[in-house]
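# Understanding the architecture of this molecule
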Amino acid sequence: MGKQRKTWSTDLKEAIVLSVLRGELGVAEAARQHGVNESLIHTWKTQFLEAGRARLLGRTAPVWGLPASLGTGTIMGSHRWSGRMIV
């Protein structure tokens, strides 16, 4: 039987991202303290900043993985379906 992925609460992800953005913790230190891979923290930070930027531009939160015609903003490589939002 395979190993199940760990899920992280929205509150914990937000707390980790904010501590990194405020400079209270570095990414490596936050990763060690919370048992999270550094790349995952970078992903959360990018998503947090992109969603905030979209909201400041008057858009609702982006809909990840949808084509630009169905979501908000532009999907990078719209022919590839990468799901990464460009704001």
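Description of the structure in this document. (Residues numbered from 1 in each chain as written. Predicted model: local features only at pLDDT ≥ 70, side-chain atom pairs only at ≥ 80, totals over all residues. Heavy atoms only, no water.)

## A look at the overall build of the chain
Along its length, the chain carries 3 helices and 2 strands. Walking the chain from its N terminus toward its C terminus, one meets helices and strands in the order α-α-α-β-β. For the chain, with 87 residues in total, the buried portion stands at 22%. Surface exposure of the chain reaches about 6,400 Å², of which carbon and sulfur atoms provide 53%. (Helix = DSSP H or I, 4+ residues; strand = E, 2+ residues; numbered from the N terminus. Buried < 20%, exposed > 50% of the residue type's maximum accessible area, 1.4 Å probe, protein only. Areas by Shrake-Rupley, 256 points an atom, 1.4 Å probe, with all protein chains shown as cover.)

## Notes on the packing of aromatic side chains
For any two aromatic rings, the description comes down to two numbers: the centre-to-centre distance and the angle of the planes. Across all of its chains, the model carries 1 aromatic pair by this definition. Between Trp8 and Trp44 the ring centres are 6.1 Å apart and the planes differ by 70 degrees, which places this aromatic pair in the edge-to-face class. Pair noted here: Trp8 is in the segment before helix H1 (10–21) and Trp44 is in helix H3 (residues 38–56), with a separation of 36 residues, a long-range link. Of the two residues examined, Trp8 and Trp44, each falls in the buried class. (Phe/Tyr/Trp six-rings, centres within 6.5 Å; stacked < 30°, edge-to-face > 60°.)

## What about the nonpolar core?
Grouped together as the largest cluster of nonpolar side chains are 11 residues: Trp8, Ile16, Val17, Val20, Leu25, Val27, Ala30, Ala31, Val36, Ile41 and Trp44. If you list the elements that add at least two residues to this core, you get H1, helix H2 (27–34) and H3. Those residues in contact with Ala31 that sit more than four places away from it in its chain are Val36, Asn37, Glu38 and Ile41. (Core = buried A, V, L, I, M, F, W, Y, C linked by side-chain atoms within 4.5 Å. Contact = heavy atoms within 4.5 Å.)

## Things to note about the packing of H1 against H3
As a packed pair, H1 and H3 sit with axes 10 Å apart at the nearest point and diverge in direction by 85 degrees. One finds that H1 runs roughly perpendicular with respect to H3. Contact residues: H1 offers Lys13, Glu14, Ile16, Val17, Leu18, Val20 and Leu21, while H3 offers Ile41, Trp44, Lys45, Phe48 and Leu49. Of the residues belonging to the contact of H1 with H3, the class tally is 9 nonpolar, no polar and 3 charged. (Axes fitted to C-alpha atoms, helices over the stretch in contact; angles between N-to-C directions. Parallel < 35°, antiparallel > 145°, perpendicular 65-115°, else oblique. Nonpolar A, V, L, I, M, F, W, Y, C, P; charged D, E, K, R; others polar.)

## Section: the pattern of salt bridges
The tally for this structure, following the rule as stated, stands at 1 salt bridge. Residue Glu24 pairs with Arg22 through a salt bridge whose shortest N-O separation is 4.0 Å. Neither residue differs from the other here; Glu24 and Arg22 are each classed as exposed. (Salt bridge = Lys/Arg side-chain N within 4 Å of Asp/Glu carboxyl O.)

Note that every value here comes from positions in space, so none of it alone points to a role or purpose.
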